[in-house]
Amino acid sequence: MAEVVVETRNLTKIYRDFWGRRKVHALKSLDLEINQGEIFGLLGPNGSGKTTTIKLLLGLLFPSEGEALIFGKNASDVRRNERIGYLPEESYLYKFLNAEETLDFYGKLFHIPAAVRRQRANDLLEIVGLTYAKKRQLKEYSKGMVRRVGLAQALINDPDVVILDEPTSGLDPIGTRDMKDMILDLKKQGKTVLMCSHLLADVQDVCDRIGILFQGELKEIGRVDSLLTVKDTTEIQTSTLPDAAIEEIRGVVQKYGGEVKSVGNTRTTLEDLFLRIVEESKQHPGRRAHGGESNGN
Amino acid sequence: MVIEENVPSIFQWFPKAALDWAILVLVFFLLLGFLGMLFSGLRLGPANAFKLVLKTAGQTLRDVFSVSFKTVWALASLTFKEAIRRKIVIVFIIFVLIVLFAGMFLDPTSPHPAQLYVDFIFGSTAYLTIILMILLTAFSLPADFKNKTIHTVVTKPVLISEIILGRVLGFVLLGTMLLVPMGLVSYGFVIRSQAHTHTVPDGLTQDKTNPALERGVTSNEREHRHEIVFDKENQVVHLTPTHDHTHEISVREGKDGERHFTLSQPIDMYKARVVQYGEIGYLDQKGIVSSKGVNVGDEWEYRSFIAGNTDAAFIWQFENITPASLVDDALQFEFTQEVFRTHKGVISRQIIGAFYIRNPETGLMLEVEIFQSKEGGTSVFRVPRTINISADKMNLKSSQRNPNGTSGSRASAVSVQIARQGGELQSYPPEDKLNIGGANRAEFDLFKDFVAPQSSMFDEKGREIVRQNVIEVWVKCLERGQYFGAAKPDMYLRRADASFAWNFFKGYVGIWFQMVMISMYGVIFSTFLSTPVTVLATFFVTLGGYFHKFVAAMGTQNIEGGGPFEAAIRLFRQDNMTIDLDMNAGENILAKMFDTVFHTFIRFLGNLVPAFDSFDTSAYVAQGFNISFNTVLINLCTVLGYAIPLYVLGYICLKMREIEQ
């Protein structure tokens, strides 16, 4: 059985005003376990307590009740942070530094030797695709570029647990896809990832397990594939069939007491379409792309 | 011009100061723990609150001592880089501009130009640095909270204590990097600004009264001239010092027989006098020891006065007089006096006084010089190592020791009498009554005859104080109806001068100390206050530091008119503040009780802030006095004494704060 690396026990957060009066019950008795090597997604609408959970785990907020543990230690033990990488909701970085200096600074906080720090910074900048802009101050960066540096700083210590708060926020579709690929890469390297997002497609694409929060309460938790399986519906995908074949299949379904709910061509996602067009444009500059027709329609 | 230096040796000062410090810090943190328990007890219950306070105390002790220098350095470098990237160097440019145009608004006619320029330069450096530090520190951590950049720092293996130290160290580094070039520019400016020489355009003319002398004046440079006196007989030329300096002058005779004078750059303008202060005592008009002199009605009772042509005298005792105290083989005393006249006196000269040295054990006394007072100036008295009475025109005198010296008075000075008739100094008690070892000698050795290897005296509490290698210095006013006024630091023994450049540097170290303190307060306030409130809080702390004496005075119960409650009652009743309150006992006790609470609170507040003015040693540099190493060390210890608890306090404040909130 995989080791539990992130754990919350009866984790509760109540925001109070200056006089100690209760304002918001942001998180209610959350019990959660995340195992080593899995990608866990926290889902929920705005204000459901996703970010609060992450901040409680990181010690940015103090729990009103309960415990928030990573590697079995609470936030007061800063040595545990040596194995944690954190990408905040917005990349809160020092805008007067350039990308190289940013990674160097955060590397120093982990006491990484200078040579290793330099090498790792270069590798990470290569991975996030910012080598060309590493000498520019972050204040000149676009939001997406800052986000990439943010991810790089979260990985500078080669962490065992990576906590990502809305990792795809502010990224264009290509950046989003890259980010998702990087998250999957982290899993391949055996790292544990906790991410929260309200972009369901992103979570669906990368997460092994998810938890759904609503108004501070955990409403559902489980594996993505089992949670998303609609048990009273059967889906068969084939290559394009003539109308006669469809009619015949409809008869077979009726014969067995079933009901055909819809028949038509499979629809791609807008993300796939966009990425195909961009790819085609790269290969044939100056030519109008046909991403929409290239799927055979 | 004198500076009140009452700085004890670091070895005398440190043990008591360290003990006081430890007690105060302990009380402060116990009080903090008690308050913490009180507030958390309201929410968590007393048992949990106690546990929480204990846990916090343990964690605080662990975290404040286990900081990693690498992390602190990384954070300090970040702070430094941030300030540089935000073009902080502009402050240095402003400073250079101020210096460049300083000549336009500094009084060119000042009789003390060196003092004026040094005062100005130190003032501008200090003000610029202080304002800069207040603003920089106020914008640092609050900006981190506002931009949430602190989120990416505290989620790394970084202790809160390291964040505090990193910030402070960053600002201190930055301030140092600014102060170094400012200091260099300032030094160059101060030295170069007064560079000048003179010519002697009209030559010299025969003195009307003394045919052996020729007189003349130099050209007018920087709003002053020097008088030149040429002694034809000895071929010696003398230049009158003015504006705190003189020049070396050389004479060359040309082919035409004309004398040509060449004056060097100013000398003695920038100096760092190393001085030794003595203990002062007084004799009253009958020659009896007194705890102070006469009050001539000055509101400011800084100086006490002695009446002229009486037995009244100032007596200073200097200890540790050894050959190392000599400058050019002589002891050099400098004396600044105030004169109070009850009549105009002789219009053609100043008030006459006499300067004596005396062996406190044998009573042997020597009149070194009869001098004219220099009101607002300093008289210099040189006592050579080998004293030849006839050659040096000195008068030997004796004074009798009083074998029945009482406690609470200066045993060696009680009943010392100088025989006097008609205002003129006359003969002294016969030699056989004195233990002076040969009063008929014409030559005396300063150390053998006038320095007592050991001398004891009694302090005000009757305790005997034994001093080594002691010499006494007496000053008397010789004119009836006139008074000399002096305080303890008005007479000092001047030792070999120290380097002015080194003194200038120590003056800058004083500004550095102030800068460090302000950085500390700024960073600590910024852990729990927003930027504008931090600016205000740091500003008021700085102000409180500069008016520390006033705040300390408010914390005592010796204020005329009482504390705020008593004063309010007086206002309401329209009672004069000099009279006793006409109240019944209960009312009186109540008012005193409230005032005591107020005074205690003010005293507590006063102790939270160091006396910034004691760090400010620029007056020493400006007035040409050496800043003693003890002063620097004591100031350094004071800075550390405040910095350590402030650091711990900052840690607690930031630790208690939810980063996200």
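Residues numbered from 1 in each chain as written. Chains lettered and ligands numbered in written order. Predicted model: local features only at pLDDT ≥ 70, side-chain atom pairs only at ≥ 80, totals over all residues. Heavy atoms only, no water.

Chemist: Go over the pattern of salt bridges with me, naming the residues and quoting the values.
Modeler: All names here are of chain A. In the structure shown here, the tally under the stated rule is 37 salt bridges over all chains. The residue Arg83 makes a salt bridge to Asp160 at a minimum N-O spacing of 2.8 Å. Of the two residues, Arg83 is situated in the loop between strand 4 (65-70) and strand 5 (84-87) and Asp160 in the loop between helix 4 (143-154) and strand 6 (161-165); the sequence distance between them amounts to 77 residues. The class for Asp160 is partly exposed, based on a relative accessible area of 33%. Note that Lys180 is salt-bridged to Asp205, the shortest N-O span being 2.7 Å. Here Asp205 lies in helix 6 (residues 200-206) and Lys180 lies in helix 5 (residues 173-188), a separation of 25 residues in the sequence. (Salt bridge = Lys/Arg side-chain N within 4 Å of Asp/Glu carboxyl O. Helix = DSSP H or I, 4+ residues; strand = E, 2+ residues; numbered from the N terminus. Buried < 20%, exposed > 50% of the residue type's maximum accessible area, 1.4 Å probe, protein only.)

Chemist: Can you lay out the pairing of strand 7 (residues 192-197) of chain A for me, pointing to particular residues and giving the numbers?
Modeler: Residues and elements named next belong to chain A. With 6 of its 6 residues buried, strand 7 lies for the most part within the structure. By the alternation rule, side chains of strand 7 split into Thr192, Leu194 and Cys196 and Val193, Met195 and Ser197, which are all buried. Pairing analysis gives 5 bridges linking strand 3 (residues 39-43) to strand 7, with the strands arranged parallel. Counted as the bridge partner of Leu42 is Cys196 from strand 7. As defined by bridge partners, strand 6 adjoins strand 7 across 5 bridges and the pair is classed as parallel. Opposite Ile163, over in strand 7, you have Leu194 as the bridge partner. Each parallel crossover has a hand, and for strand 6 linked through helix 5 to strand 7 it is right-handed. (Pairing = 2+ DSSP bridges. Right-handed = clockwise from strand over helix to strand, strands pointing away.)

Chemist: Tell me about the pairing of strand 12 (residues 330-336) of chain B, and name the residues and values.
Modeler: All names here are of chain B. Of all 7 residues in strand 12, 7 are buried; the element is thus mostly enclosed. Side chains Ala330, Gln332, Glu334 and Thr336 project from strand 12 onto one buried face, and the interleaved Leu331, Phe333 and Phe335 project onto a second face that is buried too. Across 7 bridges, the pairing between strand 12 and strand 16 (residues 378-384) is antiparallel. What sits directly across from Thr336, in strand 16, is Thr378.

Chemist: How would you explain a nonpolar patch on the surface if you had to name every residue and give the values?
Modeler: Residues and elements named next belong to chain B. Nonpolar side chains collect at one region of the surface, where Leu31, Phe34, Leu35, Leu38, Phe39, Leu42, Phe601, Phe604, Leu605 and Leu608 lie side by side and expose about 980 Å² of accessible area between them. Ranked by the residues each element gives to the nonpolar patch, the list is headed by helix 1 (residues 10-44), at 6 residues. Assignment of secondary structure puts Leu605 in helix 15 (residues 585-608). A relative accessible area of 36% places Leu605 in the partly exposed class. (Patch = residues over 30% accessible without salt bridge, like charges linked within 9 Å, V, L, I, M, F, W, Y side chains within 5 Å. Areas by Shrake-Rupley, 256 points an atom, 1.4 Å probe, with all protein chains shown as cover.)

Chemist: Tell me what's going on with the sheet that holds strand 8 (residues 209-214) of chain A, and back it up with residues and numbers.
Modeler: All names here are of chain A. Here we have 6 strands laid out as an open sheet, ordered 5-6-7-3-8-9, and mixed in their pairing. Two strands bound the open sheet, and with one partner strand each, they are strand 5 and strand 9 (217-223). If you compare each strand with its neighbour and ignore which way they point, the axes differ by 15° on average. Across 4 bridges, strand 5 lies against strand 6 in parallel orientation. When the bridges of strand 6 are listed, Leu87 appears paired with Leu164. Against the sheet, helix 1 (residues 50-58) engages strand 3, strand 5, strand 6, strand 7 and strand 8, with an angle of about 145° to strand 7. With respect to the sheet, helix 4 is in contact with strand 5 and strand 6, its orientation differing from that of strand 5 by roughly 170°. (Axes fitted to C-alpha atoms, helices over the stretch in contact; angles between N-to-C directions. Contact = heavy atoms within 4.5 Å.)

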